[in-house]
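What follows is each chain in one-letter form.
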Protein chains: 2
Amino acid sequence: MAASTLTEVARLAGVSPATASRVLNGSARTPGPDIAERVRKAADSLGYIPNAQAQGLAKSSSGLIGLIVHDIADPYFSAIARGVQTAARHQNKMVLLATTAGSPADERAAVAAFAARRADSIVIAGSRSARTTDQQGNAELAAELDRYCRNGGQVGVVGHAVVGAEADEGYHVVEVPNEELAAELARELAASHAGQFVIIAGPEGLLTSDDRVRGFQRGLADAGLSPADVLHTGFDRTGGYEAGVELAARIGTPNGSGGAGTEAAAPPRLCIFAVNDVMAIGATAALRSKGLRVPRDAAIAGFDDIETLRDFRPALSTVHLPLEEIGRLAVPAGSGHAAAGAVGVTGEVTLRRSTEPGGEAAS
Amino acid sequence: MAASTLTEVARLAGVSPATASRVLNGSARTPGPDIAERVRKAADSLGYIPNAQAQGLAKSSSGLIGLIVHDIADPYFSAIARGVQTAARHQNKMVLLATTAGSPADERAAVAAFAARRADSIVIAGSRSARTTDQQGNAELAAELDRYCRNGGQVGVVGHAVVGAEADEGYHVVEVPNEELAAELARELAASHAGQFVIIAGPEGLLTSDDRVRGFQRGLADAGLSPADVLHTGFDRTGGYEAGVELAARIGTPNGSGGAGTEAAAPPRLCIFAVNDVMAIGATAALRSKGLRVPRDAAIAGFDDIETLRDFRPALSTVHLPLEEIGRLAVPAGSGHAAAGAVGVTGEVTLRRSTEPGGEAAS
DNA sequence: AAGCAGCGGGAATGCGCTTTCCCGTTCTGC
DNA sequence: GCAGAACGGGAAAGCGCATTCCCGCTGCTT
């Protein structure tokens, strides 16, 4: 028993398909109430479900929003995805998901797939990469996006404009002030920390990471401090952990435990900035596994303010980002002319226990 | 400049649309190599992207997999979503996302929308509800699903068969042994805990929650203990927090802090089972906010083993569930006959610090 | 009373693609 | 050497729907 079609409904109702179509979708022309009723009843009794593909073909629009993320299980992306989903619902559209692990080639493929499905708009949430190995991929991605836009598609990008895209029409970006916020974080930390600063960064060339690093260094400079060491590693928990292991070695044996050959005087406490929360958590875990304690033996701060991590102890100092709102803003307005351009969001430096200056004293 | 069509490609290549179609999609009949080359070149130069809607319409299949979750930002669901996404990729299909907050009405609507898009299969990940207020909604959902299956759709359900669905063809469920695992958890905990047991459960009628509660009680009974108190609350962090506040009051002032009117002898330590990790975290936060410490003043265990929470301290005792695998298994096999039936996964009780018996003694 | 606007309904066309059917050609087998 | 098979290509018929155009009708104007 195949799904019933509009024609069947029309036949059952004793009207033409045209009329049936008119009553079942709010067309401009509304047939008489009696007929409408008949059609609706027929549709109901047949369990009629319009074929969205056919509708899309005829109207050339699909009610689809494409969403591209690196990894949907990453809390950063899933928070954004929630926002996108919310916005989609308001436009009553559905969201098509693609995960790409950040590979420009995969992203290009995803854009093409979305274009093939005639998605009304595309949201790209992942951080862009500027590595030379990705250069070609980025160019192709940009070309694909441009073509999509030229064909009337709308695209919203989180964070950074896609490298090399010629923002025609219908191309807008949600600007996240990563650099400014990181600078602010650095300044606030600098005010209360005497020790050295270290940055745990993502792979070089990952724009979001680079921005945050740059901002943090600038903030340090603003405070009259010299630049922090930068450790490049994976942009995830594992990366943070590995960097944490290295830093633990650098910090040395914690005071109080009877290590051999420890210096007599405690060195000034290290202050670690991990470019995202998940990395910060990983680093903290590594430190802990080496017998070090946060914030006693090292202060640590992250970025993003991931909700799931909010109950983590010591409470993680971080920069709050309105992730869900970012997701909402990233989806292009359904109706109306394409508002090309950029909207901004603001974050907030949120200092918590993990960078408490009193850390040295506390248990 | 509208997207170019197959016909344009064909014209440019000097062949018929039929031939062009045959070369651009692996049809059974492959045209001659010279012609194929010509067509491919034409397609390339035009930047041809096939219109998936039209293809779908013609082939009546869409390459879409519908995924229904309560909330994509919930780490439980996003982990499953990752698995689904992986499986989809292997079938090279795309996933369509719908979030419903667990409302059967919304789920029904989502299924209808998926059906309208002619999704090849649907995965329902959220826990089913058996509340009487949802009864009608559930029935409608079941009916919608049945219809979808009858029309050749495949559906995969995580956890529980949809109440009232008549498993025709193409309906399969990934069985999660919630009850057994909860029982096992209870038995293991019972072996080392002298104090009372309390369960923080989700809303009554939420099947996953009910199963876990039932299993835990059974495990307690197996160990010769009387049933635990059950607190029903929200199935999320907030619910856990609220329950935690109440339990904190029940536990009373922690030993050592100078509360007035504390009993002289420490009462046996409470052992709390929250039916999922996120709730357990919420409860822990509540306890902590009341000055209580885990596991010293209360032991606590969760369920799911959410990855993002793995660095939480005290490390949360829980039941590990292979969430990603569950997601993968939930998506119906793309090709081949619909393997109706059920596949099972196994979890593993994972005891960690939060229920350590030595908790009373440790700092 | 005749003419015209306006409306409710149907016939027909096309969206872009797949696929069946058909036809002309070349290759095979006896 | 010729019948028939096998093959390579094109014409055309949909897939299910929206929509334009058209037609007969009612109700109004002058």
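Our subject is the structure that appears above.
None of these values were measured; they are calculated from a predicted model.

A closer look at the overall build of chain A
(1) Moving on: Within chain A one finds twelve helices and twelve strands.
(2) Moving on: For 363 residues, the compact-globule estimate of 2.2 N^0.38 gives 21 Å, and chain A exceeds it by more than 25% at 26 Å.
(3) Moving on: Projected onto its principal axes, the C-alpha coordinates of chain A cover approximately 95 × 40 × 30 Å.
(4) Moving on: Burial analysis of chain A (363 residues in total) assigns 53% to the buried set.
(5) Moving on: Total accessible area computed for chain A in this model is approximately 15,100 Å², and 51% of it derives from carbon and sulfur atoms.
(6) Moving on: Placing the 33 positive and 41 negative side-chain charges of chain A at their respective mean positions leaves the two points 8 Å apart.

Section: the relation of the copies chain B and chain A
(1) Moving on: Overlaying chain B with chain A gives an RMSD of 0.1 Å, the required rotation being 180° about an axis along which the chain moves by 0.0 Å. What the superposition gives is, in effect, a two-fold axis relating one chain to the other. Relative to the rotation axis, the closest C-alpha in chain B is found at B:L96, a distance of 2.2 Å.
(2) Moving on: When the interface residues of chain B are mapped onto chain A, 100% of them are again interface residues, pointing to one common binding face.

Digging into empty space enclosed by the protein
(1) Moving on: One pass over the structure, following the stated rule, counts four cavities of 30 Å³ or more.
(2) Moving on: There is about 90 Å³ of room inside the largest cavity.
(3) Moving on: Forming the boundary of the largest cavity are A:A52, A:Q53, A:S62, A:L64, A:R117, B:A52, B:Q53, B:S62, B:L64 and B:R117.
(4) Moving on: Listing elements by their share of the lining of the largest cavity, those giving two or more residues are helix 4 (52-59) of chain A together with helix 4 (52-59) of chain B.
(5) Moving on: Counted by class, the lining of the largest cavity contains four nonpolar, four polar and two charged residues.

Re the protein's contact with DNA strand D
(1) Moving on: Taken together, 25 residues surround DNA strand D, and among them A:L6, A:N25, A:Y48, B:T19 and B:R29 come closest.
(2) Moving on: A breakdown of the atoms of DNA strand D within 4 Å of the protein gives sugar and phosphate a share of 59%.
(3) Moving on: Measuring from a phosphate oxygen of DNA strand D, one finds a backbone N or O atom of A:L6 at 2.2 Å.
(4) Moving on: The contact in question runs from a phosphate oxygen of DNA strand D to an N or O atom on the side chain of B:S16, over 3.2 Å.
(5) Moving on: Mapped by element, the contributors of at least two residues to the surface near DNA strand D are helix 2 (17-24) and helix 4 of chain A together with helix 2 (17-24) and helix 4 of chain B.
(6) Moving on: Looking at which element gives the most residues to the surface near DNA strand D, the answer is helix 4 of chain A, with four residues.
(7) Moving on: Counted by class, the surface near DNA strand D contains twelve nonpolar, eight polar and five charged residues.

A closer look at the protein's contact with DNA strand C
(1) Moving on: The immediate surroundings of DNA strand C are formed by 25 residues, with A:T19, A:R29, B:L6, B:N25 and B:Y48 found nearest.
(2) Moving on: Considering the 4 Å shell around the protein, atoms of DNA strand C inside it are sugar or phosphate in 59% of instances.
(3) Moving on: Contacts to DNA strand C include B:N25, whose side-chain N or O atom sits 2.3 Å from a phosphate oxygen.
(4) Moving on: Of all the elements in the fold, those that place two or more residues in the surface near DNA strand C are helix 2 and helix 4 of chain A together with helix 2 and helix 4 of chain B.
(5) Moving on: Sorting elements by how many residues they give to the surface near DNA strand C places helix 4 of chain B first, with four residues.
(6) Moving on: Partitioned by chemical class, the residues of the surface near DNA strand C number twelve nonpolar, eight polar and five charged.

Concerning the sheet that holds strand 1 (residues 64-69) of chain A
(1) Moving on: Judged by pairing direction, the sheet is mixed, and its twelve strands sit side by side in the order 11(A)-5(A)-4(A)-3(A)-1(A)-2(A)-2(B)-1(B)-3(B)-4(B)-5(B)-11(B) without closing on themselves. At either margin of the open sheet sits one strand with a lone partner, and together these are strand 11 (341-344) of chain A together with strand 11 (341-344) of chain B. Ignoring which end each strand starts from, the neighbouring axes of this sheet average 20° apart.
(2) Moving on: In the sheet, strand 1 of chain A pairs with strand 2 (residues 94-99) of chain A via six bridges, with the strands oriented parallel. Looking across to strand 2 of chain A, one finds that A:G66 is bridged to A:L96.
(3) Moving on: Contacts between helix 6 (residues 104-116) of chain A and the sheet are confined to strand 1, strand 2 and strand 3 (121-124) of chain A together with strand 2 (94-99) of chain B, with strand 1 of chain A contributing the most and set at about 175° to the helix.
(4) Moving on: Contacts from helix 12 (residues 323-330) of chain A reach strand 3, strand 4 (154-158), strand 5 (171-175) and strand 11 of chain A, with the element oriented near 170° to strand 5 of chain A.

Describing the pattern of salt bridges
(1) Moving on: Scanning all chains against the criterion turns up 42 salt bridges over all chains.
(2) Moving on: For A:E179, the salt bridge goes to A:R218, with nearest N and O atoms at 3.2 Å. Of the two residues, A:E179 sits in helix 8 (residues 178-192) while A:R218 sits in helix 9 (residues 207-222), which places them 39 residues apart along the sequence.
(3) Moving on: Judged by its relative accessible area of 18%, A:E179 falls in the buried class.
(4) Moving on: Under the relative-accessibility criterion, A:R218 is labelled partly exposed at 35%.
(5) Moving on: Its salt-bridge partner being B:D297, residue B:R296 comes within 3.0 Å of it at the nearest N-O pair.

Some remarks on the environment of B:I65
All names here are of chain B.
(1) Moving on: As for its position among the elements, I65 is in strand 1 (residues 64-69).
(2) Moving on: Note: C-alpha distance between I65 and V123 (58 residues apart in sequence) is 7.4 Å.
(3) Moving on: Here I65 is in contact with A88, Q91, K93, M94, V95, L96, S121, V123 and V331, once residues within four sequence places are set aside.

Quick word on the pairing of strand 5 of chain A
All names here are of chain A.
(1) Moving on: Among the five residues in strand 5, four count as buried, and that is most of the element.
(2) Moving on: Of the pairings in the sheet, the one linking strand 4 to strand 5 comprises four bridges and is parallel in character. Each residue of the ladder has a partner; that of G156, found in strand 5, is H172.
(3) Moving on: As judged from the four bridges shared by strand 5 and strand 11, these two strands associate in the parallel manner. Across the sheet, residue H172 finds its bridge partner in strand 11, namely G341.

Conventions adopted
Numbers given to residues run from 1 along each chain, matching the order in which its sequence is written. For this description, chains carry letters from A and ligands carry numbers from 1, given in the order in which they are written. Reporting in this predicted model follows two pLDDT cut-offs: at least 70 for local features of residues, and 80 or more for side-chain atom pairs to be given and counted; totals over whole chains, interfaces and linings ignore these cut-offs and use all residues. Side-chain metrics rest on all non-hydrogen atoms present in the structure, leaving aside hydrogens and water. Strands here mean DSSP runs of E at least two residues long; helices mean DSSP runs of H or I at least four residues long; both are numbered from the N terminus. For the radius of gyration, the atom set is restricted to C-alpha positions; the globular benchmark scales as 2.2 Å times the number of residues to the power 0.38. Only protein chains enter the accessibility calculation, which uses a 1.4 Å probe; a residue is then buried when its area is under 20% of its type maximum, exposed when over 50%, and partly exposed in between. Surface accessibility follows the Shrake-Rupley procedure with a 1.4 Å probe radius. Residue values consider only the protein chains on display as shielding. Asp and Glu are treated as the negative residues and Lys and Arg as the positive ones, with His and the ends of the chain left uncounted. Note on charges: their place is set at NZ of Lys, CZ of Arg, CG of Asp or CD of Glu. Each copy is superposed on the other by least squares, with the fit set by C-alpha atoms of residues at a pLDDT of at least 70 in both. We call two residues contacting when some pair of their heavy atoms lies within 4.5 Å. Cavity and pocket criteria rest on a 1 Å grid covering protein atoms alone: a 1.4 Å probe that fits but cannot get out defines a cavity, protein on both sides within 12 Å along at least 5 of 7 lines defines an open pocket, and an atom within 4 Å of a point defines a lining residue. Grid points are joined across faces, edges and corners, and a volume is the space filled by probe spheres set on the points. Under the grouping applied here, Gly and all other residues not named as nonpolar or charged are polar, the nonpolar ones being Ala, Val, Leu, Ile, Met, Phe, Trp, Tyr, Cys and Pro and the charged ones Asp, Glu, Lys and Arg. We call a residue near a molecule or strand as soon as one heavy atom of that residue lies within 4 Å of the molecule or strand. Pairs of N or O atoms are called polar contacts if they sit within 3.5 Å, as long as, within protein, a hydrogen donor faces a hydrogen acceptor (for residues adjacent in sequence, only side-chain-to-side-chain pairs). Should DSSP find at least two bridges between two strands, the strands are taken to pair. In this analysis an axis means a line fitted to C-alpha atoms, helices contributing only their contacting stretch, and an angle means the value between N-to-C directions, from 0 to 180 degrees. Within this document, salt bridges are pairs made up of a side-chain nitrogen of Lys or Arg and a carboxyl oxygen of Asp or Glu, the two lying within 4 Å of each other.

The quantities given are spatial measurements derived from coordinates; they are silent on function.
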